[in-house]
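If you want the building blocks of each chain, they are given just below.
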2 protein chains.
Amino acid sequence: MKAYRGYMIDLDGTMYRGAQRIEAASDFVKRLRSKGIPYLFVTNNSTRTPAQVAEKLSSYDIPAEEDHVFTSSLATASFIAAEKQGASVYMIGEEGLRSAIRDKGLIPGAEDADYVVVGLDTALTYEKLAVACLAVRNGARFLSTNSDLALPTERGMLPANGAITAVISASTGVKPTFIGKPESIIMEQALKVLGTSKDETIMVGDYYETDILAGMNAGLDTLLVHTGVTTRELLANYPRNPTYAIDSLDQWNV
Amino acid sequence: MKAYRGYMIDLDGTMYRGAQRIEAASDFVKRLRSKGIPYLFVTNNSTRTPAQVAEKLSSYDIPAEEDHVFTSSLATASFIAAEKQGASVYMIGEEGLRSAIRDKGLIPGAEDADYVVVGLDTALTYEKLAVACLAVRNGARFLSTNSDLALPTERGMLPANGAITAVISASTGVKPTFIGKPESIIMEQALKVLGTSKDETIMVGDYYETDILAGMNAGLDTLLVHTGVTTRELLANYPRNPTYAIDSLDQWNV
C-alpha cells in the first residue's frame, strides 16, 4: 500500500450514515490529522455552506474546519467565475449555493442571465423552473451542481438534484454541464485546494458511481469503503475495481 | 374526399392561437353543427374542466358545450376507474384533473396511494414531487396526463407536463403510462364518447407529433391544418403523411 500525502473524502456513507456515527471514520480522520496529512471533504451536497458541513462533522467527533470542506456549490461558483468574472446567474438552490455564488462576486440574474445553475432546492416551485427554462432558451449556459437522482432520507428516497435538473433539460432539449462527482470538474478544483499532486492523492468513498468514478475520472487512486451504498456484492458487478476496497476505515493505515 | 360522420378536433393552433381567434375555425365548427355532425374537442390540457374549455371556445364564437370537450384529465380518471373502482390517487395537477378524479369516485391518497397521476401544475412544489416519488417507490401505478415538453405562453416556452413528469421517472427509474395525445388511450375513450366508428371518424389538428400521430396510432384518418406548429415545410420531414393537409379550415368541406 502506497503512503498517500493527500486525502479526498466523501461524507454520507463514508463519514456517517444519515444521523448515525461511524466510529472508524472519526478515528481515521484523527489519524490523518495527527500525522499532518492534508484532507478535504468533497461532497455533492449543494445545500449547506462549508461552515455548516464542518459543524455537522464536528458533532460526529470528526476533526473538521470550514476549509476542510469542498462542496459542489463551491466548485460550481468557481467554475463560473473562471469562465466569466462578474457573470449574472439565475440560481435554483439553497443557502450553500446562494452564498458560494455571492462570495465569488457573481450577480443575480433572471430570464436574461448568463448562467442557469441548478442545485437541490426543497423550496422548488414551478415558477423557478419556468424562469430557468426561459433563460436556457435565451442562451444561458446551463450548469447543475450534480447528477444524483435520489436522496436518501428518513422518509425514503426523495428526488435529488439530477432529477430536478431533468425538467429543464427535457423541456429545452439542452443538456447541462454537471459539476459534482463523478465529473472531474469538482475533483480538479479540489486537488488545487488540497495542494497535492494526482499521484500522491487518494479518493475515499462508499459509492462506486459517484466517489470511485470521480476518482478514476480524475486519474486518482481510489479507496472504496463498504459502509454505505456499494457493498462487496454490488462491487462485483463493475468491470473496473477501485485501487482498494475495505469493510471499515479501521483496516486502513495512513 | 370521404364524408366523415364524426370529428375529433384539437384546440390550440387549430381552433385558436393563444389569445388570437381563427375565423375559419369558427366557421368550420358552425358548418359541422348545422349539418348535425358529431364533434368532440380532444385536448391534452389537463388544467381546465370541460365547462371552462367550452366557455373559452364560446368566447371565440365556436359553438361548444361541456359535453363537446374531452380532456386528458377525463381520460386519465376514466382509465383509473376502469382499472380499479374507488382507487386512491395521489395527484399533482390543477382543477381540471382534481375534478375529473373526484367525479369518477376516486379518493385522495398520499405515499400509500394506488395511483400517482401527474398533470400540469403551476403550483408545483418540491414536496409534491417528493410524495409522488415515495408513492411510486411504494408500488403506486404511475400515470401522466400527457408527454408535452414545452408550453407556449406569452412569456415564451415554459416547462409542460412531460418535463415535470421527468423528475419522478428519473428519480425512481419507473416509466409512466402517458394517457393524452399521441397515445391511443385518450383516442379510444374519445371515440366511445363521440359514438362513431373508426372508419367514419377523422382527427383534425395542427401538430403532427401529438394530433396527427394520435389519429394514426388509433387508426383514424387525419387532417393537418397549417395554422399552428407543423408548417408545410416541417411536414416534409416526416416519412408518413396525414390523410389530408390544408392551409385553412375554410378549404375543408364537411
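Not measured: the values here are computed from a predicted model.

Asks: For the relation of the copies chain A and chain B, give the residues involved together with the corresponding values.
Replies: Under the fitted operation, chain A is carried onto chain B by 0.0 Å of movement along the axis and a turn of 180°, and the coordinates agree to an RMSD of 0.0 Å. Put plainly, the chains are arranged around a two-fold axis. Residue Thr125 of chain A, judged by its C-alpha, is the member of chain A lying nearest the rotation axis, at 2.4 Å.

Asks: Outline the UniProt feature "binding site: Mg(2+)" (unreviewed entry) in chain A, supporting the account with residue identities and numerical values.
Replies: Residue and element names in this part refer to chain A. On the UniProt side, "binding site: Mg(2+)" (unreviewed entry) is annotated at positions that read Asp10, Asp12 and Asp206 here. Spanning 197 residues, the annotated positions come together in the fold, the maximum distance between their C-alpha atoms being 8.2 Å. Locating Asp10 in the fold gives a position in the loop between β1 (6-9) and β2 (16-17). For Asp10, a relative accessible area of 8% gives the class buried. Not counting chain neighbours up to four residues away, the residues in contact with Asp10 comprise Met15, Val42, Lys181, Met203, Val204, Gly205, Asp206 and Asp211. Within polar-contact distance, the side chain of Asp10 engages the side chain of Thr14 at 2.9 Å. The topology assignment puts Asp206 in the loop between β13 (201-205) and α8 (208-217). Once residues lying within four places of it in the same chain are set aside, the contact partners of Asp206 are Asp10, Asp12, Gly13, Thr14, Asp211, Leu224, Val225, Gly228, Val229 and Thr230.

Asks: Which residues make up the UniProt feature "binding site: substrate" (unreviewed entry) in chain A, and what values do they have?
Replies: All names here are of chain A. Using the residue numbers shown here, the UniProt feature "binding site: substrate" (unreviewed entry) corresponds to Lys181. Assignment of secondary structure puts Lys181 in the loop between β12 (177-178) and α7 (184-194). Among the residues examined, Lys181 registers a relative accessible area of 2% and is labelled buried. For Lys181, the contacting residues outside a window of four places in its chain are Asp10, Val42, Thr43, Asn44, Asp148, Ile186, Met187, Met203, Thr210, Asp211 and Ala214. A polar atom in the side chain of Lys181 sits 2.8 Å from the side chain of Asp10.

Asks: Describe the nonpolar core, listing the residues and the values that go with them.
Replies: Of all hydrophobic cores here, the largest spans 46 residues; its most connected members are Val116, Leu129 and Ile168 of chain A together with Val116, Leu129 and Ile168 of chain B. Secondary-structure elements contributing two or more residues to this core are β6 (88-92), β8 (115-118), α5 (126-137) and α6 (161-172) of chain A together with β6 (88-92), β8 (115-118), α5 (126-137) and α6 (161-172) of chain B. Not counting chain neighbours up to four residues away, the residues in contact with Ile168 of chain B comprise Ile92, Val118, Leu129, Ala132, Cys133, Val136, Phe142 and Gly173 of chain B.

Asks: So what about the sheet that holds β12 of chain A? Which residues, and what values?
Replies: Residue and element names in this part refer to chain A. The strand order across the open sheet built from five strands is β7-β6-β8-β9-β12, with neighbouring strands paired in parallel fashion. Of all strands in the sheet, those with a lone pairing partner are β7 (107-108) and β12, marking the two edges. Contacts between helix α3 (residues 72-83) and the sheet are confined to β6, β8 and β9 (141-144), with β9 contributing the most and set at about 155° to the helix. Running over the sheet, helix α4 (residues 95-103) touches β6 and β8 and is turned about 170° from β6.

Asks: Explain the state of the cysteines to me, and be specific about the residues and the numbers.
Replies: Evaluation of the coordinates by the stated rule reveals zero disulfides over all chains. The cysteine Cys133 of chain B is free of any disulfide, with Cys133 of chain A supplying the nearest cysteine sulfur at 18 Å.

Asks: Just give me the short version of the pattern of salt bridges, but keep the residues and values in it.
Replies: As enumerated under the stated definition, the model contains 34 salt bridges over all chains in all. A salt bridge links Lys2 of chain A to Asp221 of chain A; the nearest nitrogen and oxygen atoms lie 3.9 Å apart. With Lys2 of chain A in the segment before β1 and Asp221 of chain A in strand β14 (residues 221-225), this residue pair connects regions lying 219 residues apart in the sequence. You can call Asp221 of chain A partly exposed: its relative accessible area is 23%. When the shortest N-O distance is used, the salt bridge between Lys84 of chain B and Asp114 of chain B registers 3.4 Å. Of this pair, Lys84 of chain B sits in the loop between α3 (72-83) and β6 while Asp114 of chain B sits in the loop between β7 (107-108) and β8, placing them 30 residues apart in sequence. Here Asp114 of chain B falls in the partly exposed class, since its relative accessible area comes to 26%. Several salt bridges share partner residues, and in doing so they unite Arg21, Glu23, Lys30 and Asp61 of chain A into one network.

Asks: An account of the side chain of Ser171 of chain A is needed here, citing residue identities and associated values.
Replies: Among the secondary structure elements, Ser171 of chain A is positioned in helix α6. Leave out the neighbours within four places in its chain, and Ser171 of chain A touches Cys133 and Arg137 of chain A together with Leu149, Ala150, Leu158, Pro159, Ala160 and Ala163 of chain B.

Asks: Outline the domain arrangement of chain A, supporting the account with residue identities and numerical values.
Replies: Residue and element names in this part refer to chain A. Each domain of chain A was delimited in the assignment, giving domain 1 (6-44 + 181-251) and domain 2 (85-178). Taking only C-alpha atoms into account, the centre of domain 1 sits 26 Å from that of domain 2. Across the contact, seven residues belong to domain 1 and six residues belong to domain 2. The junction of domain 1 with domain 2 conceals about 420 Å² of combined surface from both sides, 46% of it contributed by carbon and sulfur atoms. Broken down residue by residue, the surface that domain 1 buries against domain 2 is led by Asn44, Glu183 and Ile185, which jointly contribute 67%. Joining domain 1 to domain 2, the criterion identifies zero salt bridges. Along the contact surface separating domain 1 from domain 2 lie one residue pair in polar contact (both at pLDDT 80 or more). Of the residues in the side of domain 1 that touches domain 2, the class split is three nonpolar, two polar and two charged.

Thresholds applied
Residues numbered from 1 in each chain as written. Chains lettered and ligands numbered in written order. Predicted model: local features only at pLDDT ≥ 70, side-chain atom pairs only at ≥ 80, totals over all residues. Heavy atoms only, no water. Least-squares fit on C-alpha atoms with pLDDT ≥ 70 in both. UniProt positions renumbered as here; feature names shortened; annotations may be inferred. Helix = DSSP H or I, 4+ residues; strand = E, 2+ residues; numbered from the N terminus. Buried < 20%, exposed > 50% of the residue type's maximum accessible area, 1.4 Å probe, protein only. Contact = heavy atoms within 4.5 Å. Polar contact = N/O pair within 3.5 Å; in protein donor to acceptor, adjacent residues only side chain to side chain. Core = buried A, V, L, I, M, F, W, Y, C linked by side-chain atoms within 4.5 Å. Pairing = 2+ DSSP bridges. Axes fitted to C-alpha atoms, helices over the stretch in contact; angles between N-to-C directions. Disulfide = S-S within 2.5 Å. Salt bridge = Lys/Arg side-chain N within 4 Å of Asp/Glu carboxyl O. Domains from an automatic or database assignment. Buried area = accessible area lost by both parts, 1.4 Å probe. Nonpolar A, V, L, I, M, F, W, Y, C, P; charged D, E, K, R; others polar.

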